[in-house]
Amino acid sequence: MVVLGIETSCDETGVGIVDIGERRVLANVVASQHSVHATYGGVVPELASREHLRALAPVAAEAFARSGLAPRDVDAVAVTRGPGLAGCLHMGLSAAKALALALGRPLIGVNHLEGHLAAPFLETPDLEYPHLGLLVSGGHTALVDVRGPFDRRRLGATLDDAAGEAFDKVAKLLELGFPGGPALDALAESGANAGGPALPAARPKGGGPGFSYSGLKTAVRLHLERERAAGREPDRAGVAAAFRRAAIAPLVERAVGEAVALGYRTITAGGGVACNRLLRTSLERAARAAGLRAVLCSPQLCADNGAMIAYAGGLRLGRGEASPPDLGVDPSLDERS
Amino acid sequence: MRLLALEAGGDAVSAALFDGAHALASESRPARRRQTEELAPLVGSLLARSGWEPADLGAVACGRGPGSFTGLRSSLAFGTGLAIAAPGLQLVGIPTLEAWAEAFTPAGGPSAFVALDGRRGQVYRALYERVPGSPGRWRTALEPALVDLGRALDEAAQASGAFRITDQAGLPEGWASFGPGAGLALAVGRLALAARAEGTPPGAWEPEYLRRSEAEILWERLHPGPGAGA
């Protein structure tokens, strides 16, 4: 079964084409809107919706060209229905409905986070359930007990900002532009060995199972204000490195700790922050030290993309599910939905 | 050629099917904030009722605004989705105010002044004049724009003989008030077919908002200067 997946939940327009049975990505094209939003220092939902409308046709055409398939070769159409920015979700969903209608194929609405949890299977043929899933993106940060493709339990989530959101906000404090996460990661690499300021790790005050980024973010802001008030130019690379360590360490510790406690052998990581170099190296190292395996997608499958939506949709279609033509968007879905 | 016409810029979604110049079927459904939900079932049911397959379509025409941002984009994205399946499909954007003129001006009426709710005391307005002897062809005498209601009323008063069309209640005497409905999709289709018959290039397949987004306005307010709105 070949499924075409459409992803428009935030600021990337993605169309992927996946052979579900073979777990093979035939095409995975993503058009980024970063240059549109850079002026505003963050994603502007209204402008993102406009860009999705412009990008959908060319991105789909490119996906067909790369796959060597024609539209009639597609057996089903999957689309992100949430969570995400409502206006953006409408664009993918409306186009997907029309495509499904025109091809006479089933439509399946997909939870974006289920897509992120499914993505590792596209590159790791021997990945099995159950395992521990770490979701880390600009909109979500959660540890998930992944018992099966449709059976999962939240083990902990952020109490405030998502990890990626904190990276972007701190990058803004460091005047690194938008999107700041990758720029902060690169700057942190250059300051990786520097001490940097003492910053609180992204854990909730008083303990608890989740994560918290607001205190860490505030600590960075106060540090920069103190330095500038004292007439000192802040050591930006040092701050970036210290922030990155404080942001990433709790994710890795909790992921490994939960996997060990559950008796699981594997940890997967998905979402844009799973591209972060420190997260990748430290998760792999900590997992190995605990006798576990860390499965990290390639950057294109970590970030928002259509292939993961196609695959997650294909799994649901495989058990007889399909969505009605009056399907609506659901911007507030979470990984438990 | 078989054409599907769509209009979803208001509180309803409307669709019509044309076989050549002949309007075969049309339907409208209330869809306030539900354009994405309602459009696909509506089009699916129209096609099924007509015994047509989507592949039979040669063109899709769609009202491109002004109107509800999400409604406009949702209907245009729907047409885009149809064209992804059939890359040869022609996509034709139609100015929504012109569709209102075509839909509601009495036969023989020489011109139409259209003023639709733009919120905050403003209206989207335009003035159209019928092209004599060319059904479905209008000349734009006053380009669509978002203006204060008072200004639109003055302009309409100067457009002597124009049939005055609005979607608002409570305008002075002389204005005819209408709501969205199947007639609008039929008008979108007629305009697209008339333009095609004359060899006019298809209208742009993108929304005509006529209003800047709140984000852009807020940004410029917070960042005055030569770089604003870049």
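Bear in mind the structure is a predicted one, so any value in this text is a computation, not a measurement. (Residues numbered from 1 in each chain as written. Chains lettered and ligands numbered in written order. Predicted model: local features only at pLDDT ≥ 70, side-chain atom pairs only at ≥ 80, totals over all residues. Heavy atoms only, no water.)

Asks: When you look at the packing of aromatic side chains in this model, what are you seeing that I'm missing?
Replies: Given two aromatic rings, one states the distance between the centres and the angle between the planes to describe the pair. The final tally for this structure, using the stated rule, is 7 aromatic pairs over all chains. Judged by centre distance (5.0 Å) and plane angle (75°), the rings of F167 of chain A and F243 of chain A are edge-to-face. With F167 of chain A in helix 5 (residues 163-173) and F243 of chain A in helix 8 (residues 236-262), this residue pair connects regions lying 76 residues apart in the sequence. Both residues of the pair, F167 of chain A and F243 of chain A, belong to the buried class. Plain terms: the ring middles of F113 of chain B and W175 of chain B are 5.9 Å apart, the flat faces sit at 85° to each other, and that makes the pair edge-to-face. Of this pair, F113 of chain B sits in strand 6 (residues 111-117) while W175 of chain B sits in strand 10 (residues 175-177); the two residues are 62 residues apart in sequence, bridging distant segments of the chain. Neither F113 of chain B nor W175 of chain B differs from the other in exposure class; each is buried. The ring of Y209 of chain B is capped by R50 of chain A, whose NZ or CZ atom sits 3.9 Å from the centre of that ring. (Phe/Tyr/Trp six-rings, centres within 6.5 Å; stacked < 30°, edge-to-face > 60°. Helix = DSSP H or I, 4+ residues; strand = E, 2+ residues; numbered from the N terminus. Buried < 20%, exposed > 50% of the residue type's maximum accessible area, 1.4 Å probe, protein only. Lys NZ or Arg CZ within 6 Å of the ring centre and 35° of its normal.)

Asks: Which parts of the structure should I look at to understand the domain arrangement of chain A?
Replies: Many authors give the size of an interface as the accessible area that is lost as the parts come together. Residues and elements named next belong to chain A. Each assigned domain of chain A is listed with its residue range as follows: domain 1 (2-120 + 301-318) and domain 2 (130-296). Here domain 1 and domain 2 have C-alpha centroids that lie 27 Å from each other. Facing the 19 residues of domain 1 at the interface are 20 residues of domain 2. For the pair domain 1 and domain 2, the summed buried area comes to about 1500 Å², and 74% of that belongs to carbon and sulfur atoms. There are 1 salt bridge connecting domain 1 and domain 2. Ionic pairing is found between R152 and E114, a salt bridge with its closest N-O pair at 2.6 Å. (Domains from an automatic or database assignment. Contact = heavy atoms within 4.5 Å. Buried area = accessible area lost by both parts, 1.4 Å probe. Salt bridge = Lys/Arg side-chain N within 4 Å of Asp/Glu carboxyl O.)

Asks: I would appreciate a short explanation of the sheet that holds strand 6 (residues 131-136) of chain A in the present structure.
Replies: Each strand in a sheet pairs with its neighbour through backbone hydrogen bonds, running either in the same direction (parallel) or in the opposite one (antiparallel). Residue and element names in this part refer to chain A. Taken together, the 5 strands give an open sheet; going across it, the order is 8-7-6-9-10, and neighbouring strands pair in mixed fashion. Looking along the sheet, the strands with just one partner apiece sit at the ends: strand 8 (151-157) and strand 10 (293-296). Taking each pair of neighbouring strands and ignoring which way they run, the sheet shows an average axis angle of 25°. Relative to strand 7 (residues 141-148), strand 6 runs antiparallel, the two being bridged by 6 bridges. Residue pairing for strand 7: V136 is matched across the bridge by T141. (Pairing = 2+ DSSP bridges. Axes fitted to C-alpha atoms, helices over the stretch in contact; angles between N-to-C directions.)

Asks: Is there a simple way to think about the nonpolar core in this case?
Replies: Soluble globular proteins: nonpolar side chains tend toward being buried together. Ranked by internal contacts, the top residues of the largest apolar core, which has 70 residues, are Y213, F243 and L283 of chain A. Taken domain by domain, this core gets at least three of its residues from each of domain 1 (2-120 + 301-318) and domain 2 (130-296) of chain A. Discounting chain neighbours no more than four positions away, the residues touching Y213 of chain A are T141, T158, D160, D161, A162, A163, A166, A202, A247 and L251 of chain A. Ranked by size, the runner-up nonpolar core spans 57 residues in total, among them L93, A96 and L107 of chain A together with V60 of chain B. (Core = buried A, V, L, I, M, F, W, Y, C linked by side-chain atoms within 4.5 Å.)

Asks: Any chance you could explain unusual backbone geometry here in plain terms?
Replies: As a rule of thumb, non-glycine residues mostly have phi less than zero, and peptide bonds are mostly trans rather than cis. In this model, Y129 of chain A is joined to P130 of chain A through a cis peptide bond whose omega is -10°. Phi is positive for R120 of chain B, close to 55°, though the residue is something other than glycine. Here R120 of chain B is to be found in the loop between strand 6 and strand 7 (122-130). Here R120 of chain B falls in the exposed class, since its relative accessible area comes to 55%.

Asks: Could you clarify how one ought to interpret the environment of T141 of chain A in this entry?
Replies: Residues and elements named next belong to chain A. Locating T141 in the fold gives a position in strand 7. It is 26 Å that separates the C-alpha atoms of T141 and T39, two residues lying 102 residues apart in sequence. Not counting residues within four places of it along the chain, the set of residues in contact with T141 comprises L135, V136, G156, A157, T158, A162, A163, F211, Y213 and L251. Among the polar contacts listed, one links the side chain of T141 to the backbone nitrogen of A163, at a separation of 2.7 Å. (Polar contact = N/O pair within 3.5 Å; in protein donor to acceptor, adjacent residues only side chain to side chain.)

Asks: What should I look at first to understand the packing of helix 5 of chain A against helix 7 (residues 214-229) of chain A in this one?
Replies: Residues and elements named next belong to chain A. Contact pair helix 5 / helix 7: the axes reach a minimum separation of 10 Å and the direction vectors enclose 5°. With respect to helix 7, the axis of helix 5 lies roughly parallel. For the pair formed by helix 5 and helix 7, the contact residues are K169, V170 and L173 on the first element and K217, V220, R221, L224 and R228 on the second. Across the contact of helix 5 with helix 7, the residue classes break down as 4 nonpolar, no polar and 4 charged. (Parallel < 35°, antiparallel > 145°, perpendicular 65-115°, else oblique. Nonpolar A, V, L, I, M, F, W, Y, C, P; charged D, E, K, R; others polar.)

Asks: Explanation requested: the interface of chain B and chain A in the structure shown.
Replies: Contacts between chain B and chain A engage 28 residues on the former and 28 residues on the latter. Between chain B and chain A, a total of about 2600 Å² is buried, with carbon and sulfur atoms accounting for 71% of that surface. When residues of chain B are sorted by the area they lose upon contact with chain A, T36, R73 and I84 of chain B head the list and together hold 24% of the total. At the junction of chain B and chain A, the tally comes to 1 salt bridge. Residue E46 of chain A is joined to R73 of chain B by a salt bridge in which the shortest nitrogen-to-oxygen separation is 2.8 Å. Where chain B meets chain A, there are 4 residue pairs in polar contact (both at pLDDT 80 or more). Of all the secondary-structure elements, those providing two or more residues to the side of chain B that touches chain A are helix 1 (35-50), helix 2 (69-85) and helix 6 (214-222) of chain B. The element contributing the most residues to the side of chain B that touches chain A is helix 2 of chain B, with 12 residues.

Asks: Where do I start with the layout of surface pockets in this structure?
Replies: Left-over empty space is what a probe sized like a water molecule reveals as it rolls over the atoms. By volume, the largest pocket is sized at about 1200 Å³. Lining of the largest pocket is provided by 39 residues; of these, D11, S137, G138, G164 and D168 of chain A occupy positions nearest its centre. Mapped onto the lining of the largest pocket, the elements with two or more residues apiece are helix 5 and helix 6 (180-190) of chain A. Looking at the lining of the largest pocket element by element, the count peaks at 7 residues for helix 5 of chain A. Within this model, the second largest pocket holds a volume of roughly 960 Å³. Surrounding the second largest pocket, 32 residues form its lining, G9, G67, S68, F69 and R119 of chain B being those nearest its centre. Elements that contribute at least two residues to the lining of the second largest pocket include exactly helix 1, helix 2, helix 3 (96-104), strand 6 and helix 6 of chain B. (1 Å grid on protein atoms, 1.4 Å probe; cavity = no way out; pocket = protein on both sides within 12 Å on 5 of 7 lines; lining within 4 Å. Points joined across faces, edges and corners; volume = space filled by probe spheres on them.)

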